[in-house]
Every structure is written in structure tokens, then in C-alpha cells.
Amino acid sequence: MRTLIAFIAISGVVAPLYAVPAHADTVVGGPELSQHGYIWDHSAGVSAPPHIQASSYVIADLETGRILAAKDPHGEYRPASTLKTLTAITLIPRLSPTQKMKPSQNAVNASGSAVGMDTKWTYTVRDLFHGLLMQSGNDTAIALCEANGGLQPSLDQMNAEAHRIQALDTVARTPNGLDDDPPLTLAQQHSSAYDLALIMKQGLTLPDFRKYVGATLYHWPAPPDKKEREKGKKTGGYEIGTHDHLLIGSRPYRGMIGGKNGWTSHALGSFVGAATRDGHTIIIALMHAQSDFWDDARALLDWGFEERAKAGSVGTLVDPIPPPQPKKPAAAAKRPNTVRLSPADGPDWRKLGAAGGGGLALLAIVAGFLFGLRRRRRAALAEAAAAPGGHVRTIGPERPPSGAASETRDEATRTGPGSGSPHPGDVKVAGTPPSFGAAEPSARETAPNPVRRVEDEQAGEE
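Predicted, not measured: the structure shown is a model, and the values here were computed from it.

Enquirer: What is the right way to look at the packing of helix H2 (residues 84-91) against helix H7 (residues 193-203) in this model?
Expert: How two helices sit against one another is set out by the angle between their axes and by the gap between those axes. Closest axis-to-axis distance for the H2/H7 pair is 10 Å, and the angle between their directions is 35 degrees. Relative to H7, the crossing made by H2 is left-handed. Where H2 approaches H7, its residues Thr85, Leu86 and Ile89 are matched on the opposing element by Ile199, Gln202 and Gly203. Of the residues contributing to the contact of H2 with H7, the split by class is three nonpolar, three polar and no charged.

Structure follows, in C-alpha cells:
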């Protein structure tokens, strides 16, 4: 028996450690999205989606949430700087645009693309978000985390936000998407085209996010240089421009809202963006592409707008997990409307009784006390009767209880023969104690998807 109990106890502790995640048997967005090749509606009249070099992509209709076409949508790849969109949707709701901060040396020294910051200069959160999403500043990503209370708390919030919007293919270990500073493997930091589309969908609900990804030029503040100081200027700075080639250049995409691109030697090219035409918004995301992927991005958008009315859905951009509903306070139990007994009617059983067994125990104590008192009275009477003289003063009420068979006779009337005078040894037993009443005491109411990982480490960590 002891062995059986020990086995049950150990099983209760160990079993959860090997439990399969709740989303392991499902695919977020729909079962068709578990495929690794091209996925689209093959109905007549629907053209095949673009065949591009990117290893993964998604084309989705924002208004309906329908995924119109995809290629390996849940494949996990390195996100590079597209991960900054997750940084943005996590921190925009938490930070005031007018909040000011001075960056640390760690932020200023960030490797890769940078806006250019100075530890002695003060920046607003608005400045930092423009530098993050326009210029892809790795330095501003770290500075934003510092403004939010620290790097690790911000990363924890980013991963929690990814889980909340059901971007379950995404794990963030940096706020800027770098995978070589510090060196990170695919298993340590990754995302998917489906998740990037979810992140963009969430970002488009934030007006500030739309403003930052859609900006083409922004004046970046900086300490004044020598010439500016000679002119009496206390603030210098320079213009920064967006890296989104669909917003600027000789071929800006009509209706483009904006987006975010990324590149590292391991991740290759990546992009997530959105455009609106005729009241409809198309979101695209692509990963693990060649460096010049802008024509491919245009092709995905074009196909989305052309086929959105004809193409059937192959999946869905799911909604975020709703917040838990607050529990309603339990209604207080109403006490029964019982009649309070007066002391003359007997004790108040509601006060004598306690909840559960406590009331019964108290009742038993009272009953035992009364029973013992009666026994002591009888013992005293019996002892007095055995004493010489035989006359005993009765114990009890001055008058017998009402309804007694006979009244006590005066001593003088019991002196003659036949007077019925009691024998000296006779004892008049006292009547029963007053009743406590016959009333009985009143009752008391008392979704990461089971998709293959792209193990590009076999390529020798490009």
C-alpha cells in the first residue's frame, strides 16, 4: 500500500513535466497552414499565387482575417529586424510618447544599424520609435527597453505579448532581432511569416504604430556641432529616412501603409507590411529571402488585391486571447427570518448553537450539566431522608408545579388520628425543574505549432 501511495504521489508531480502542450495537436489559423509548400484555393478562376525565392510567406485580408495564400506559413526562421515590430506593439501601449530618457552606453554601442545616440543627450520615446521603425536602429531598441524598466523585463513582456496574440512560433531573445550579438541559434530566437502577419495586424490597431511605420522623413535630435553652437543653436540633428522601399523611391507602392524589413547573414531578407486600396487592406509577410526582395513584396500585394474577392480562405489570422473575466463576488447568504425566543420561553438556541459540530457539542454540554444537577438534587434528598428525625425541607419551587395531584397541607391540620400525617420518614420529592420549553432549535442556513524547423545550421551558420 505504501508503495502504491508513493507511486501515485510521484506520478502527480512528474506527469505534468511531460505533458504535451495544449496547442501541439492543432495548427493556429487552420489545419491547411501546416503544409510547407504553396497553399491556395485551387478553384476555377483563381490564379496561382506568386512563386518567389523566399522560403516562407503569407498573404492575408485584414478586414476578414482570411489567409488567401501562403508558403510554409508556420515554418520557423530567424526574424532579423522584423522582430522590431513585436518590440513596437509591446512598448507603444506602455510608454508615453513624450517621456524623456538618456540612453546607456550599452544602448549607444549597439552593433549593426543605428540611428546614432549620445549618452549625454535626452530623447523622447517618440524619437526612439521613429528611429526603431524607420531607420531600424538597434540602439533605439535597447534604449526603449531601458525607458521601459530594463532589457529583461521588456523581453519578458514581448514574449508574453506574442503569446497573447497567439504568435506561438515566436521567441524573442533580443529587442532588435540581431542573431550575432549575442550569437543566437535558430532554436533560441525565431518567428514565422504567419506570426509576423499577426504582429502587423495588431500593430495596425495602434494609431502611433501606423504613424511610425508610415513616416518617410524625421528630424533626429542630436547635440549641436561646433558651427551650430557658434550660431547660438542649443539643439542640432539631422534627417533620417525610412528603409521601406515601398514607401519611397521611384516606385512607391500605391496605398502603402508601411512596413518593416530586416536582414542578417543568417536570417537573409525578411519583410512585413500592409497596403490599402478601395477600402481593403492586404497584409504580407515573407522570410528567408534574397536581399533584393522588393519586387517579390509587390507581387504578393498585387496578387492579394486581385484575388481577394475570388480566392477562398486557406486559414485565418486569429484574434488575440481575450483577457480573463473578473470573478463576480459571491452573494452573501441570507439569514432565515426566525422568531427570537424571549428568556421566559427558554434559552435562545440560535446563540447556543454554533456552526456544524460546535453547536451540537455545546448542546451536549448543557444537557449534561442539567442532568448532573438533577442527580445531585436527588442524592441530597436521599441522604436527608436517611438522617434521624425524618423531616426534610423540600427543595424546589415554593409551590408545586401547576397540575399537581394534591396541595401541601398545613402542619396543624395533620395532627389528629386519620389526619393523614406523613410518617416522619416520608419525604416529599420536589417537582421537576421548570421546563425550558418545547421549542426545537431553529435550523441555520448556513497555439508552438508542430511544424518543422528550418535547421539552417546545416548550412554552416551562414
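Additional details are given in the paragraphs that follow.
Enquirer: Would you mind showing me how to read the packing of aromatic side chains here?
Expert: For any pair of aromatic rings, geometry is given as the distance between the ring centres together with the angle between the planes. Tallying each qualifying case throughout the model produces six aromatic pairs. Relative to Trp294, the ring of Phe271 has its centre 5.2 Å away and its plane inclined at 70 degrees; by these criteria the two rings are edge-to-face. One end of the pair, Phe271, is in strand S9 (residues 268-277); the other, Trp294, is in helix H10 (residues 294-307), with 23 residues separating them in the sequence. Overall, Phe271 belongs to the buried group, its relative accessible area being 0%. Through a chain of ring-to-ring contacts, three or more aromatic side chains come together here, namely Phe271, Phe293 and Trp294.

Enquirer: Please clarify how H7 should be interpreted in this entry.
Expert: In an α-helix, one turn spans 3.6 residues, which is why side chains three or four residues apart end up on the same side. The element H7 is largely enclosed, with a buried count of 11 among its 11 residues. Those residues of H7 that fall on the buried side of the exposure criterion are Ala193, Tyr194, Asp195, Leu196, Ala197, Leu198, Ile199, Met200, Lys201, Gln202 and Gly203.

Enquirer: Which parts of the structure should I look at to understand the pairing of strand S3 (residues 66-71)?
Expert: Looking along a regular strand, one sees the side chains alternate between the two faces of the sheet. With respect to burial, S3 is a largely interior element, six of its six residues being buried. Bridge count between strand S1 (residues 38-40) and S3: three bridges; the pairing is antiparallel. Looking at S3, one finds that Tyr38 is bridged to Lys71. Bridge count between strand S2 (residues 56-61) and S3: four bridges; the pairing is antiparallel. Paired with Ile59 across the two strands is Ala69, which belongs to S3. Linking S2 back to S3 in an antiparallel pair, the connection comprises four residues, with Gly65 at a positive phi of about 80 degrees. Across two bridges, S3 lies against strand S11 (residues 315-316) in antiparallel orientation.

What counts, and where the lines are drawn
Residues numbered from 1 in each chain as written. Predicted model: local features only at pLDDT ≥ 70, side-chain atom pairs only at ≥ 80, totals over all residues. Heavy atoms only, no water. Axes fitted to C-alpha atoms, helices over the stretch in contact; angles between N-to-C directions. Helix = DSSP H or I, 4+ residues; strand = E, 2+ residues; numbered from the N terminus. Left-handed = near helix turned anticlockwise from the far one by under 90°. Contact = heavy atoms within 4.5 Å. Nonpolar A, V, L, I, M, F, W, Y, C, P; charged D, E, K, R; others polar. Phe/Tyr/Trp six-rings, centres within 6.5 Å; stacked < 30°, edge-to-face > 60°. Buried < 20%, exposed > 50% of the residue type's maximum accessible area, 1.4 Å probe, protein only. Pairing = 2+ DSSP bridges.

So far we have only geometry, and geometry alone does not tell us how the molecule works.
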